[in-house]
Amino acid sequence: MCPDAAVPQSSQSLEKSQSSSSETDPANDGRTVLGAPDISRALRRIAHEILEANKGADGLVLLGIPSRGVPLAHRLAAIIAEFEGSEIPVGSLDVTMYRDDLRRQPTRAPLPTAIPEGGVDGKTVVLVDDVLYSGRTVRAALDALADHGRPAAVRLAVLVDRGHRELPIRADHVGKNLPTAQTEKVRVRLADFDEADSVTITGGAR
């Protein structure tokens, strides 16, 4: 969901976060607010929170929202498997044709939706995305999910929450709350698609 709660940090981790936010990404001419180690720590924290909220891994299904939500979902599943010693079903949920802005924006080609074997009925589904912005992508994801079954519960995990919500949607698990101006752009780069892991901010007042 690019571009489209606060998690307490120790003073040490806050210093690391502040340090990374001062770096400049020359490839994007923007500020790097999360580097690869920051993203790794954020995902491990989110995985812990998911397990705590669900009281274990039973009945969990992770569905990534393309494109970068999918590799994030797989990474979370791998971390949970490391903690729990059992694999978590992972899939993808394309929301392209469920968006409410199709008439205003060029439509990209739909990406595959892959619901894990066993479906989502009666399961706790965690939707995974990279950036939470207006909330419209998540609303589309909920509509898309309803066409595939009736989960017992649906939760939302995002790497970055940049604010500026247009709908009453809130993430259950957030890697980093990142206050931004609407004129700024948040770019998540993942090694699965890009050369490395990073989150950068570009644009806005200089």
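What counts and what doesn't
- Residues numbered from 1 in each chain as written.
- Predicted model: local features only at pLDDT ≥ 70, side-chain atom pairs only at ≥ 80, totals over all residues.
- Heavy atoms only, no water.
- Helix = DSSP H or I, 4+ residues; strand = E, 2+ residues; numbered from the N terminus.
- Areas by Shrake-Rupley, 256 points an atom, 1.4 Å probe, with all protein chains shown as cover.
- Buried < 20%, exposed > 50% of the residue type's maximum accessible area, 1.4 Å probe, protein only.
- Arc of directions from axis to C-beta.
- Contact = heavy atoms within 4.5 Å.
- Pairing = 2+ DSSP bridges.
- Axes fitted to C-alpha atoms, helices over the stretch in contact; angles between N-to-C directions.
- Phe/Tyr/Trp six-rings, centres within 6.5 Å; stacked < 30°, edge-to-face > 60°.
- Lys NZ or Arg CZ within 6 Å of the ring centre and 35° of its normal.
- Left-handed = near helix turned anticlockwise from the far one by under 90°.
- Nonpolar A, V, L, I, M, F, W, Y, C, P; charged D, E, K, R; others polar.
- pLDDT = per-residue confidence, 0-100.
- Salt bridge = Lys/Arg side-chain N within 4 Å of Asp/Glu carboxyl O.

Of regular secondary structure, the protein chain possesses four helices and nine strands. For the protein chain, the succession of helices and strands along the chain, N to C, is α-β-β-α-β-α-β-β-α-β-β-β-β. Summed over all atoms, the accessible surface of the protein chain reaches about 10,400 Å², with 50% contributed by carbon and sulfur.

Attention now goes to helix 4 (residues 136–146). Of all the residues in helix 4, the buried ones are T137, V138, A140, A141, A144 and L145. Viewed end-on, helix 4 has its buried residues packed into an arc of 155°, placing them on one side of the element. Those residues of helix 4 hidden inside the fold are in contact with strand 3 (60–64), strand 5 (124–132) and strand 6 (153–161).

Turning our eyes to something else, we now look at the sheet that holds strand 7 (residues 173–177). In spatial order, the strands read 4-3-5-6-7; together these five strands make up an open sheet with parallel pairing. At either margin of the open sheet sits one strand with a lone partner, and together these are strand 4 (90–92) and strand 7. Here the strands of the sheet are splayed against their neighbours by 25° on average, with no regard to which way each runs. Sheet strands touched by helix 3 (residues 69–84): strand 3, strand 4, strand 5 and strand 6. Its angle to strand 3, the strand with the most contacts, is close to 155°. Its contacts with the sheet put helix 4 on strand 3, strand 5 and strand 6, and the angle it makes with strand 5 is roughly 150°.

Right, let's talk about the packing of aromatic side chains for a bit. The tally for this structure, following the rule as stated, stands at zero aromatic pairs. Positioned above the aromatic ring of Y133 is the side chain of R162, whose terminal nitrogen or guanidinium carbon lies 4.2 Å from the ring centre.

The next subject is the packing of helix 2 (residues 36–54) against helix 3. The geometry of helix 2 relative to helix 3 is characterised by a closest axis approach of 9 Å and an angle of 65° between their N-to-C directions. Seen along the crossing, helix 2 lies across helix 3 with a hand that is right-handed. Across from I39, L43, R44, I46, A47, H48, I50 and L51 in helix 2, the residues of helix 3 making contact are L72, R75, L76, I79, I80, E82, F83 and E84. Counted by class, the contact of helix 2 with helix 3 contains 11 nonpolar, one polar and four charged residues.

Tracing the chain through its elements places A152 in the loop between helix 4 and strand 6. For the pair A152 and D121, spaced 31 residues apart in the sequence, the C-alpha separation amounts to 6.9 Å. The residues contacting A152, other than those within four sequence positions of it, are G122 and K123.

Another aspect to go through is the confidence of the model for the protein chain. Put simply, the protein chain has an average pLDDT of 86, and 81% of its residues get 70 or more. Every residue in residues 1–22 is under pLDDT 50, and counting partners more than four places away or in other chains gives 41 contacts. Here residues 24–28 scores under 50 on pLDDT; set against residues more than four positions off or in separate chains, the count is 11 contacts.

Side chains on a regular strand alternate between the two faces of the sheet. With five of six residues buried, strand 9 (residues 198–203) lies mostly within the body of the structure. Here strand 2 (residues 30–34) runs beside strand 9; their pairing, made up of three bridges, is antiparallel. Pairing of R31 across the sheet is with I201, part of strand 9.

Turning to the pattern of salt bridges, a few remarks are in order. Counted by the stated rule, this structure contains 11 salt bridges. Residue D38 pairs with R41 through a salt bridge whose shortest N-O separation is 2.7 Å. Here the residue D38 and the residue R41 both occupy positions in helix 2, the gap between them amounting to three residues, near one helical turn. Two residues, R136 and D100, come together in a salt bridge whose shortest N-O distance is 2.5 Å. Residue R136 is found in helix 4, and its partner D100 is found in the loop between strand 4 and strand 5; the two are separated by 36 residues along the sequence. Judged by its relative accessible area of 22%, R136 falls in the partly exposed class. Sharing partners across several salt bridges, the network here consists of D100, R136, R139, D143 and E166.

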